[in-house]
Amino acid sequence: MSNLRSEQRMKVLHLNAGNETGGGMVHILSLLNQFNREEFYLGLLEHGTFETKAKEMEVNTIVFGQTTRYDVSVLFKIIQFIKEHHIDIVHTHGPRANLYGYFIRKFTKTVWMTTVHSDPRNDFLGRGLKGNLFTRLNLAVLKAPDHYFAISKRFAQMMEDFGVQHNKITTILNGIDFDKKSTNRISSEELKLNPLDFVILMVARFDPVKRHELAILAMEKVLKKYPSVKLLFVGDGPSRENIEELVKNKDLTENIRFLGHREDVESFYKLCDLTLLTSKTESFPLVLLESSREKTTVITTDVGGVRDMIPDSSYGFVLGDDNPDDISDAIMTAIELKETGKLREMGEKFFNFASQNFSIQSTADSIYQTYKKFVHE
């Protein structure tokens, strides 16, 4: 673990709703793990898995105990904590934290920074009138921070298109710890997979923005030519029941499996031949970096910063936005590449490029240098 610190000690509070269990949680914890524990705090609005993992890593964690999403009394607890601990910077992650960051900025002298993890126009996709209201509120609030971290060049441009001044945005591409190795190992036998199966992994929460239905439609075509292909869904979420129903209706239950939320997700990448991402929007998907760490080739829609991560077709497959036929064609090409050994070569090349360019250590150092500028000013 790095021991990043400035000559003048700062105090930074990272704030998140606390119900995050996916890439956002991994990003925040990986980042905080690089920093000096005496300078950084993690503030969560709710108890949950995020809190548990943070405390296991000995990150200074405070849970403000929001009773419901609409319990605004938590704002006063956060402000009291900021004043008592002389917080210099509040760094928010996610729509709910951003809303509180807006009011914290008005009632304290702290600098407010936010990381843009997703396209705010799609954060509440598929949630009806309430979702539309929350989207408008989120977009309005996002005009107020003192500084923004965009974890892809595309997201930096998006924020400028929203009217944010260029000099208020720092683009820092996401990163992971490439030295980390999974201690868990899952065998094909445990998952009842045949050694001859071609196995595809999709790690994503069940939410409309992840578009699991595209993967299912693509599988329907692939299985007509390659009946031994298996697709593993790892994750949970509000739309899981609808996706399970779709799989049943298409009679694909033998080939598409739902494994739920898993703490040992890293071990699945090595087991599989391919990682799939069908999202409508992403920033700089950690799931793809995690796949590269295990030298597993990816197929992904052209979202966020994936073209920075996968510069050309020799590193992986970057497809159009929402065409199941393109996905199925890419899967079948990958199957053919496996037969010649070239799919593994592609995974090796992906690993070499990603590990040299997207380490969490360089991400953390760049963010820390930005903090220092504001604190010293």
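A quick note: this is a predicted structure, and the numbers were derived from the prediction, not measured.

1. Focus on the overall build of the chain
A tally of regular secondary structure across the chain gives 14 helices and 13 strands. At 21 Å, the chain has a C-alpha radius of gyration in line with the 21 Å of a compact globule built from 377 residues. Here the chain holds 377 residues, and the buried ones make up 54% of them. Long-range contacts, defined as pairs at least 24 residues apart, comprise 70% of the intrachain contacts of the chain with a sequence gap of at least 6. Accessible surface for the chain amounts to roughly 17,100 Å². Of this, 48% is attributable to carbon and sulfur atoms. Placing the 48 positive and 51 negative side-chain charges of the chain at their respective mean positions leaves the two points 3 Å apart.

2. Side note on the environment of Val306
Among the structural elements, Val306 can be located in helix H11 (residues 306-309). Between the C-alpha atom of Val306 and that of Pro285, which follows or precedes it by 21 residues, the distance is 7.3 Å. Sequence-distant contacts of Val306, defined by excluding residues within four places in its chain, comprise Pro285, Leu288, Thr300, Thr301 and Val318.

3. Some thoughts on the packing of aromatic side chains
Here a ring pair, both rings aromatic, is described through the centre-centre distance and the interplanar angle of the planes. Counting across every chain of the model gives 16 aromatic pairs. Relative to Tyr368, the ring of Phe40 has its centre 6.1 Å away and its plane inclined at 40°; by these criteria the two rings are tilted. Within this pair, whereas Phe40 is found in strand E2 (residues 40-44), its partner Tyr368 is found in helix H14 (residues 360-376), the two being separated by 328 residues in sequence. Considered together, Phe40 and Tyr368 belong to a single accessibility category, that of buried residues. When the centroid spacing of 6.2 Å and the interplanar angle of 90° are considered together, the rings of Phe149 and Tyr371 count as edge-to-face. Here Tyr371 lies in helix H14 and Phe149 lies in strand E6 (residues 147-150), a separation of 222 residues in the sequence. Classification of Phe149 as buried rests on a relative accessible area of 1%.

4. Things to note about the confidence of the model for the chain
Residues at a pLDDT of 70 or more form 96% of the chain, whose mean pLDDT is 89. Counted against residues more than four places away or in other chains, residues 1-6, with its pLDDT under 50, gives 22 contacts.

5. Looking at the sheet that holds E6
The strand order E3-E2-E1-E4-E5-E6-E7 describes an open sheet built from seven strands, whose pairing is parallel. Whereas interior strands pair on both sides, the edge strands pair on one side only; in this sheet they are strand E3 (61-63) and strand E7 (169-171). Ignoring which end each strand starts from, the neighbouring axes of this sheet average 20° apart. In the sheet, E2 pairs with E3 via three bridges, with the strands oriented parallel. When the sheet's bridge partners are listed, Gly43 is paired in E3 with Ile62. Across the sheet, helix H4 (residues 95-107) lies against strand E1 (12-16), strand E4 (89-93) and strand E5 (111-116), angled at about 155° from E4, the strand it touches most.

6. Side note on the sheet that holds strand E9 (residues 229-234)
Paired through backbone hydrogen bonds, the strands of a sheet run either parallel or antiparallel to each other. Read from one edge of the open sheet, six strands run E10-E9-E8-E11-E12-E13, paired in parallel fashion. Edge positions in the sheet fall to strand E10 (256-260) and strand E13 (317-319), since each has one partner strand and no second. On average, each strand axis in the sheet is inclined to that of its neighbour by 20°, with strand direction left out of account. Of the pairings in the sheet, the one linking strand E11 (residues 274-277) to strand E12 (residues 297-301) comprises four bridges and is parallel in character. Paired with Leu277 across the bridge in E12 is Thr300. The sheet strands contacting helix H7 (residues 212-225) are strand E8 (198-203), E9, E10 and E11, and the helix crosses E9 at an angle near 170°.

7. Some thoughts on the packing of H4 against helix H5 (residues 128-141)
Two elements in contact, H4 and H5, have axes separated by 9 Å at closest approach and are oriented at 50°. Considered as vectors, H4 and H5 are oriented oblique to each other. As H4 packs across H5, the resulting crossing turns out to be left-handed. Taking contact as the criterion, the partners of Pro95, Asn98, Leu99 and Tyr102 in H4 are, on H5, Leu137, Asn138 and Val141. Split into classes, the residues belonging to the contact of H4 with H5 amount to five nonpolar, two polar and no charged.

8. Structural notes on the nonpolar core
Ile200, Val229, Phe233 and Ile256 are the most contacted members of the largest nonpolar core, which totals 35 residues. Once residues lying within four places of it in the same chain are set aside, the contact partners of Phe233 are Met202, Phe206, His212, Ala215, Ile216, Ile243, Ile256, Arg257, Phe258, Leu259 and Gly260. Ile151, Cys272, Leu289 and Val298 belong to the second largest nonpolar core, which has 33 residues in total.

9. Focus on the pattern of salt bridges
Enumeration according to the criterion identifies 17 salt bridges in this entry. Notably, a salt bridge pairs Glu294 with Lys270, separated by 3.1 Å at the nearest N-O pair. A residue pair is termed long-range when its members are at least 10 positions apart, and Glu294 in the loop between helix H10 (286-293) and E12 and Lys270 in helix H9 (residues 266-271) qualify at 24 residues. When the shortest N-O distance is used, the salt bridge between Asp302 and Arg307 registers 3.1 Å. Residue Arg307 is classed as partly exposed on the basis of its relative accessible area, which comes to 45%. In the salt-bridge network here, residues are joined through shared partners; they are Arg154, Asp302 and Arg307.

Reading the values: rules and limits
- Each chain has its residues counted from 1, running along the sequence as written.
- For this predicted model, a pLDDT threshold of at least 70 governs which residues receive local features, and a threshold of 80 or more governs which side-chain atom pairs are given and counted, while totals over whole chains, interfaces and linings are taken from all residues.
- Neither water nor hydrogens contribute to the side-chain values; these are computed over all heavy atoms in the structure.
- Note on conventions: DSSP H or I runs of at least 4 residues are helices, E runs of at least 2 residues are strands, and numbering of each starts at the N terminus.
- Throughout, the radius of gyration refers to the C-alpha atoms, and the reference size of a globule is 2.2 Å times the residue count to the power 0.38.
- Partly exposed describes any residue whose relative accessible area lies between the buried limit of under 20% and the exposed limit of over 50%, with all areas from a 1.4 Å probe on protein chains only and scaled to the type maximum.
- We call two residues contacting when some pair of their heavy atoms lies within 4.5 Å.
- Reported accessibility uses the Shrake-Rupley method at a 1.4 Å probe radius. Residues are deemed covered only where the shown protein chains occlude them.
- All tallies of charge rest on Lys and Arg as positive and Asp and Glu as negative; His and the ends of each chain are not included.
- Each charge is placed at NZ for Lys, CZ for Arg, CG for Asp and CD for Glu.
- Side-chain rings of Phe, Tyr and Trp, where Trp is taken by its six-membered ring, are said to pair if the distance between their centres is within 6.5 Å; with planes under 30 degrees apart they count as stacked, over 60 as edge-to-face, and otherwise as tilted.
- By definition, pLDDT measures how confident the predictor is in each residue, and it falls between 0 and 100.
- Two strands make a pair as long as DSSP finds a minimum of two bridges between them.
- Helix axes are fitted only over the stretch in contact, all axes being lines through C-alpha atoms; the angle between N-to-C directions runs from 0 to 180 degrees.
- The cut-offs work like this: below 35 degrees is roughly parallel, past 145 is roughly antiparallel, 65 to 115 is roughly perpendicular, and the gaps in between are oblique.
- By definition, any crossing whose near helix is turned counterclockwise from its far helix by less than a right angle is left-handed, and any crossing with a clockwise turn is right-handed.
- Under the scheme applied, nonpolar residues are Ala, Val, Leu, Ile, Met, Phe, Trp, Tyr, Cys and Pro; charged residues are Asp, Glu, Lys and Arg; polar residues are all the others, including Gly.
- Buried Ala, Val, Leu, Ile, Met, Phe, Trp, Tyr and Cys residues form a nonpolar core when they are joined through side-chain atoms within 4.5 Å.
- When a carboxyl oxygen of Asp or Glu lies within 4 Å of a side-chain nitrogen of Lys or Arg, that pair is called a salt bridge.

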